[in-house]
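Here are the chains, one letter per residue:
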Amino acid sequence: MAMTHVLMHSPSVGPATWAPIARRLPGSIVPSLLHVADAGPPFWPAVAQTVAEAINGLPDDAEVVLVAHSNAGLFVPAVVERVDRTIKALVFADAAVPARRGRTAVVSPENLRLLEGLVEADGRLPQWTRWFSDAEVDPMFPDPATRRIVEAEQPRLPLSYYQQEIPAAPGWDERPCGYLLFGPPYEQIARDCGWPVEHTPGRHLHQLVDPDTVTEAIRKLSHPA
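Residues numbered from 1 in each chain as written. Predicted model: local features only at pLDDT ≥ 70, side-chain atom pairs only at ≥ 80, totals over all residues. Heavy atoms only, no water.

Caption draft 1: Main features of the sheet that holds strand E1 (residues 3-8). Strand order in this open sheet of 5 strands is E1-E2-E3-E6-E7, and the pairing throughout is parallel. On the outer flanks of this sheet lie E1 and strand E7 (197-199), each paired with one strand and no other. Here the strands of the sheet are splayed against their neighbours by 20 degrees on average, with no regard to which way each runs. Packed on one face of the sheet, helix H2 (residues 44-56) meets E1, strand E2 (63-69) and strand E3 (87-93) and runs near 160 degrees to E1. Taken strand by strand, helix H10 (residues 211-222) contacts E1, E2, E3, strand E6 (177-181) and E7, and its axis lies near 160 degrees from that of E6. (Pairing = 2+ DSSP bridges. Helix = DSSP H or I, 4+ residues; strand = E, 2+ residues; numbered from the N terminus. Axes fitted to C-alpha atoms, helices over the stretch in contact; angles between N-to-C directions. Contact = heavy atoms within 4.5 Å.)

Caption draft 2: Region of interest: H2. With 13 residues, H2 extends 18 Å from end C-alpha to end C-alpha; this agrees with the ideal 18 Å at 1.5 Å per step. The complete set of buried residues in H2 reads Trp44, Ala46, Val47, Ala48, Thr50, Val51, Ala52 and Ile55. Where H2 is buried, its residues touch E1, E2, helix H3 (76-82), E3, strand E4 (102-105) and strand E5 (165-168). (Expected span 1.5 Å × (residues − 1). Buried < 20%, exposed > 50% of the residue type's maximum accessible area, 1.4 Å probe, protein only.)

Caption draft 3: Spatial organisation of the packing of aromatic side chains. Applying the stated criterion across every chain yields a total of 9 aromatic pairs. For the pair Phe92 and Trp195, a centre-to-centre distance of 5.2 Å together with 25 degrees between the ring planes defines the contact as stacked. In this pair, Phe92 is assigned in strand E3 and Trp195 in the loop between helix H8 (187-192) and E7, connecting sequence segments 103 residues apart. The burial state of Phe92 is the same as that of Trp195; both residues are buried. (Phe/Tyr/Trp six-rings, centres within 6.5 Å; stacked < 30°, edge-to-face > 60°.)

Caption draft 4: Structural detail: the layout of surface pockets. A volume near 880 Å³ is recorded for the largest pocket. Lining the largest pocket are 35 residues, with Trp128, Trp131, Phe132, Pro185 and Tyr186 sitting closest to its centre. Of all elements in the fold, only E4 and helix H4 (109-116) reach the threshold of two or more residues within the lining of the largest pocket. Ranked by the residues each element gives to the lining of the largest pocket, the list is headed by H4, at 3 residues. Across the lining of the largest pocket, the residue classes break down as 21 nonpolar, 11 polar and 3 charged. (1 Å grid on protein atoms, 1.4 Å probe; cavity = no way out; pocket = protein on both sides within 12 Å on 5 of 7 lines; lining within 4 Å. Points joined across faces, edges and corners; volume = space filled by probe spheres on them. Nonpolar A, V, L, I, M, F, W, Y, C, P; charged D, E, K, R; others polar.)

Caption draft 5: Inspection of the state of the cysteines at higher detail. Scanning all chains against the criterion turns up 0 disulfides. Not part of a disulfide, Cys177 finds its nearest cysteine sulfur in Cys193, a span of 8.6 Å. The class of Cys193 is buried, set by a relative accessible area of 7%. (Disulfide = S-S within 2.5 Å.)

Caption draft 6: A look at empty space enclosed by the protein. Using the criterion set out here, one finds 1 cavity of 30 Å³ or more in the structure. In this structure, the largest cavity occupies an estimated 30 Å³ of space. Lining the largest cavity are Ser12, Pro126, Gln127, Trp128, Trp131, Pro155, Arg156, Leu157 and Tyr162. Classifying every residue of the lining of the largest cavity by side-chain character gives 6 nonpolar, 2 polar and 1 charged.

Rendered as structure tokens:
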């Protein structure tokens, strides 16, 4: 059977963050979550339904591996609950890991207070890369052109997106899971998850900077022993 990687981008950014990996994984898909910014609270059903519909539309013989980056990891249980087929493996790429059951906040209370200070007059936050200085953002990208492409599609999410809690039904992790670590602040998550870990040192968008190494790590985690 053909293996299909479903590459799930964070709603804070866009599909372009997975583009180099999608080119290296034949048959992979990147469902767009750009519409989620306008879905209204709670936002998680729109995320889960979009990705689940993309998975359910794949050929019957496809072996599905779901790969979630950043805070997209929190939506994985809701996606798993909505699909009509078996997902072979789950890979969390420098991602938040949800509770095994129950609800998980998108951000901590401390980070939520920081975001409240960034909210603009329309109730939305600036684009994600605008939260930081250029000195912090530039090294996340291989070149200025790639940064422009990613920033051109970044949504401006409402503060209410970060105020939501995402549910997880028990059993979502009863399949092979793996963690792909790039670097801070996800080291503790990688240590605590209890899954196989591949470490490709880099910043949070390392899939754009070193797509060959990241692709190889995803392939390894897609074939659990």
